[in-house]
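# Close look at the chain arrangement
Below, each chain spelled out in residue letters.
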Amino acid sequence: MMTGKRLIISALVLGLIQVGFLSWIIAGRAAILRDGKQVLLRVEPIDPRDLLRGDYVRLGYEISRIPVKLIANVPAGKLSSDDTSIVVRLKQGADGYWGAAAAWFGQAPAPAASDEADIVGHVAEGWDLSAATTIAPDYGIERFYLPEGEGMAIQNDMRVRPFGVRVAIAANGTAQIKALMDGDKTLFEEPLY
């Protein structure tokens, strides 16, 4: 009899821990979307479909290719290590889109000014920084899922006119896609929860 009560209590505690963990993940993402600094990035389409998850637009950005000469602290060995983090300082251009102004492996030497934003990405292992002219960081904002049937049409439209993504960036450099833009028009906006 006592063992049955312990089992029920253990199951309830485990369930509460799981709910708490999922709530923590959702609240963290919502905090970035609600409170993060918003930047607009110009996008380049790559691929429109995931067989298991439906339509999406795979996105590339101008900041998806960082010139090695822009990185202030290229390591002495001149090879990127496994999952090297990179901080890319963004500044807004005259056209309203944000672009890379500087970059550092690890951490930026000073905080971003009020008219700047730092986004953190990761660089895969093995980039030969002495030979490569650019590297390709992954910021975690390279896919945007769409309602079924919308992916191909949007990808085709991206090839003929400018699209952008409004991104919210947390103080630690973590980015979340806030909205997909067709010029000045918001096509899809991510809900907080």
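How each quantity is defined
Residues numbered from 1 in each chain as written. Predicted model: local features only at pLDDT ≥ 70, side-chain atom pairs only at ≥ 80, totals over all residues. Heavy atoms only, no water. Pairing = 2+ DSSP bridges. Helix = DSSP H or I, 4+ residues; strand = E, 2+ residues; numbered from the N terminus. Axes fitted to C-alpha atoms, helices over the stretch in contact; angles between N-to-C directions. Buried < 20%, exposed > 50% of the residue type's maximum accessible area, 1.4 Å probe, protein only. Contact = heavy atoms within 4.5 Å.

## Details of the sheet that holds strand β6 (residues 98–105)
Ordered in space as β6-β5-β7, the 3 strands form an open sheet in which the pairing is antiparallel. The open sheet has two edge strands with one neighbour each: β6 and β7 (116–123). Mean inter-strand twist for the sheet, computed between neighbouring axes without regard to direction, equals 30 degrees. Bridging between strand β5 (residues 84–92) and β7 involves 8 bridges; their strand directions are antiparallel. What sits directly across from Val 88, in β7, is Ile 119.

## Focus: the environment of Lys 69
Note on placement: Lys 69 falls in the loop between β4 (66–67) and β5. Here Lys 69 falls in the exposed class, since its relative accessible area comes to 80%. The sequence separation of Lys 69 and Thr 134 amounts to 65 residues, and the corresponding C-alpha distance is 8.2 Å.

## Points about the environment of Leu 180
Locating Leu 180 in the fold gives a position in strand β11 (residues 175–182). Once you skip the residues sitting within four places of it in the chain, Leu 180 turns out to touch Phe 144, Leu 146, Ile 154, Met 158, Phe 163, Gly 164, Val 165, Lys 185, Thr 186, Leu 187 and Phe 188.

## Considering the pairing of β5
Pairing analysis gives 7 bridges linking β5 to β6, with the strands arranged antiparallel. Across the sheet, Arg 89 pairs through a bridge with Ala 102, a residue of β6. Remark: 5 residues form the turn of the hairpin made by β5 and β6, two consecutive strands paired antiparallel; Gly 96 in that turn has positive phi of roughly 95 degrees.

Keep in mind these values describe shape, not function.
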